[in-house]
Amino acid sequence: MKAVTWQGKRDVRVEEVPDPKIEEPTDAIIRITSSGLCGSDLHLYEVLTPFMTPGDILGHEPMGIVEEVGAGVPDLAVGDRVVVPFQIACGTCWMCLTGLPTQCETTQVRSQGMGAPLFGYTRLYGAVPGAQAEYLRVPQAQFGPIKVPEGPPDDRFVYLSDVLPTAWQAVAYADVPQGGSVAVLGLGPIGDMACRIAQLRGAGRVFGVDLVPERLSRMRARGVETYDLRSFDSEKELVEAIRDETDGRGPDAVIDAVGTEAHGSAIAKLVQNAAAVMPRKLSGPMAERFSVDRLAALYTAIELVRRGGTISLSGVYGGMADPLPLLTMFDKQIQLRMGQANVRRWADDIIPYLTDEDPLGVDDFATHRVPLSEAPQAYEMFQRKQDSAVKVLMQP
């Protein structure tokens, strides 16, 4: 089959790889019909290269048709249309039953000290072959896949794999009071959808911050109060502008939907780039022990949120030696929540909104749809924020 493989920093290729096969009774094989390109994929493309191996198959946002099921998968049948969550979990352990499948005790990647494995996302998360491919082996298929009805196009449901539950959890963790205010830093796919969900769930004011004109205009069209980073000379000016709109206090909550690729911190960028070009035997251990992030977005969130407010992190961070202003965080009594989205925890809450009325605008959420063969160009376009790219879907 054809699949998108990682070969090095900013180097992905579509190659012929072996077809996946049933390996355990709880496996299923899915023929992919749509697979998303995620902002998290750009971390692999750019800054998390020490944890990658040439030939790794990328992607973690798939949906498709069941082609084969193992004997231990009683609720799936060949021909079922399914969305596959990006994490692999059993559904029956204590963590899964508590609503934390990202921490599944059956599948945890204990050799790396990490939680549940993720499709297409580094050896830290199990080096599981990903979903930007023609076919996908799905472990723990007795729990993971979400059956969806025939009829509507893939766009209606594909975001259940990641975008929708990640944004939903970001808003839930932000704990925005009814009629309250929330600022969303970064208006890529997750930040964009988080704004929509915050509005849907009763936020009185939603502030969106970015520096890409197309992303800002897209959010303004949905009633978000947008702030263009390029219009401010400093973080302080941005913070003061939003504070002025919130009685001088700052918003009740801030969602950081950017993560480690935020602009700023030339030193942190230098360290990231150095690790990316070091020999693999050195770069991996160095990154695990001493890696640092570009924390501009998180620092802004800490400064911006009101005293006693909540910061919700959905953007990916990978540093182990990040300096945080704990004095400020303690003094402001900030609550901080974060983590990979627990897809199955939120899916039942989200599905009722995936109706013909389409209140979240999923049907036209994608800005680009490309064949799998054009994945390298799609990665470059998305990373460079070209051609008004916000969300890319690939079709094998």
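Every chain is numbered on its own, with residues counted from 1 as its sequence reads. Only residues with pLDDT of at least 70 get local features here, since the model is predicted, and only at 80 or more are side-chain atom pairs given and counted; chain-wide, interface and lining totals rely on the full set of residues. Values shown for side chains rest on all heavy atoms present in the structure; no hydrogens or waters enter the calculation.

Chemist: Explain the overall build of the protein to me, using residue names and the numbers behind them.
Modeler: Every helix listed is a DSSP run of H or I at least four residues long, and every strand listed is a run of E at least two residues long, numbered separately from the N terminus. For the protein, the count of helices and strands is 12 helices and 16 strands. We compute the radius of gyration over the C-alpha atoms and compare it with the globule rule, which gives 2.2 Å times the number of residues raised to the power 0.38. Relative to a compact globule of 396 residues, whose C-alpha radius of gyration would be 21 Å, the protein shows 20 Å and is just as compact. Considered along the principal axes of its C-alpha atoms, the protein spans approximately 60 × 50 × 45 Å. Each residue's exposure class comes from its accessible area (1.4 Å probe, protein chains only) as a fraction of the maximum for that residue type: buried when under 20%, exposed when over 50%, partly exposed otherwise. By residue count, 55% of the 396 residues in the protein fall in the buried class. Restricting to contacts in the protein with at least 6 residues of sequence separation, those with at least 24 account for 73%. In what follows, a contact means two residues having at least one pair of non-hydrogen atoms within 4.5 Å.

Chemist: Let's hear about the packing of helix H6 (residues 235-244) against helix H9 (residues 296-304): which residues, and what values?
Modeler: Axis angles are defined between N-to-C directions and span 0 to 180 degrees, where every axis is a line fitted to C-alpha atoms and, for a helix, only to the segment in contact. Where H6 contacts H9, the two axes come as close as 10 Å, and the packing angle between them is 40 degrees. In terms of orientation, H6 lies oblique with respect to H9. With respect to the hand of their crossing, H6 and H9 are arranged in right-handed fashion. Of the residues in H9, those in contact with Glu235, Leu238, Val239, Ile242 and Arg243 of H6 are Tyr299, Thr300, Glu303 and Leu304. In this classification, Asp, Glu, Lys and Arg are treated as charged, Ala, Val, Leu, Ile, Met, Phe, Trp, Tyr, Cys and Pro as nonpolar, and every other residue, Gly included, as polar. Partitioning the contact of H6 with H9 into residue classes produces five nonpolar, one polar and three charged. By the definition adopted for this analysis, an angle is roughly parallel if under 35 degrees, roughly antiparallel if over 145, roughly perpendicular if from 65 to 115, and oblique otherwise. Left-handed describes a crossing whose near helix is turned anticlockwise from the far helix by less than a right angle; the clockwise case is right-handed.

Chemist: Run through the domain arrangement of the protein, naming residues and quoting values.
Modeler: Where each domain begins and ends follows an automated or database-derived domain assignment. Segmentation of the protein into domains returns domain 1 (2-162 + 342-394) and domain 2 (167-338). Opposite the 36 residues of domain 1 that make contact, domain 2 presents 31 residues. Interface area for domain 1 against domain 2, summed over the two sides, is near 2900 Å², with a carbon-plus-sulfur share of 61%. We count a salt bridge whenever a side-chain nitrogen from Lys or Arg sits within 4 Å of a carboxyl oxygen from Asp or Glu. At the surface where domain 1 touches domain 2, the tally comes to zero salt bridges. Contacts described as polar in this section are N or O atom pairs within 3.5 Å, which, within protein, must combine one atom able to donate a hydrogen with one able to accept it, while residues neighboring in sequence count only if both atoms come from side chains. At the junction of domain 1 with domain 2, the criterion picks out seven residue pairs in polar contact (both at pLDDT 80 or more). For the side of domain 1 that touches domain 2, the secondary-structure elements that each account for two or more residues are helix H1 (39-46) and helix H11 (343-350). Accessible area that two parts lose when put together, evaluated with a 1.4 Å probe and summed over both, is termed the buried area.

Chemist: Which residues make up the pairing of strand S10 (residues 205-210), and what values do they have?
Modeler: Burial analysis of S10 places five of its six residues in the buried class, which makes it a mostly covered element. Two strands pair when backbone bridges link them, and strand S9 (residues 181-185) and S10 are joined in this way by five bridges, in the parallel orientation. From the neighbouring strand, Ser181 faces S10, where its bridge partner is Arg205. Regarding topology, helix H4 (residues 189-200) serves as the crossover connection from S9 to the parallel S10, and that connection is right-handed. Strand pairing is assigned whenever DSSP identifies at least 2 bridges connecting the two strands. The pairing of S10 with strand S11 (residues 225-228) spans four bridges and is parallel. Counterpart to Phe207 in the pairing with S11 is Glu225. With its strands directed away from the observer, a crossover is right-handed exactly when the path from the first strand over the helix to the second travels clockwise. Taking the sense of rotation as the criterion, the β-α-β connection linking S10, helix H5 (residues 213-220) and S11 turns out right-handed.

Chemist: Please give an account of the sheet that holds S11 that cites residues and values.
Modeler: Adjacent strands of a sheet form backbone hydrogen bonds with each other and so pair up, either parallel or antiparallel. Reading across from one edge, S11-S10-S9-S12-S13-S14 is the order of the six strands in this open sheet, with parallel pairing throughout. Each edge of the open sheet is held by one strand with a lone partner, namely S11 and strand S14 (335-338). Each adjacent strand pair in this sheet contributes to an overall mean axis angle of 20 degrees, direction not counted. Contacting strand S12 (253-256), strand S13 (310-313) and S14, helix H3 (residues 163-174) runs over the sheet at an angle of about 160 degrees to S13.

Chemist: Give a detailed account of empty space enclosed by the protein, specifying residues and quantitative values.
Modeler: Think of a 1 Å grid over the protein atoms and nothing else: a 1.4 Å probe that fits but is trapped marks a cavity, an open set flanked by protein within 12 Å on at least five of seven lines marks a pocket, and residues with an atom within 4 Å of a point count as lining. Grid points are joined across faces, edges and corners, and a volume is the space filled by probe spheres set on the points. Applying the stated criterion across every chain yields a total of three cavities of 30 Å³ or more. Taken as a whole, the second largest cavity encloses approximately 40 Å³ of empty space. Every residue along the wall of the second largest cavity is listed here: Thr166, Gln169, Ala170, Tyr173, Ser312, Leu313, Ser314, Gly339 and Ala341. Elements with a minimum of two residues in the lining of the second largest cavity: H3 and S13. Ranked by the residues each element gives to the lining of the second largest cavity, the list is headed by H3, at four residues. Classifying every residue of the lining of the second largest cavity by side-chain character gives four nonpolar, five polar and no charged.

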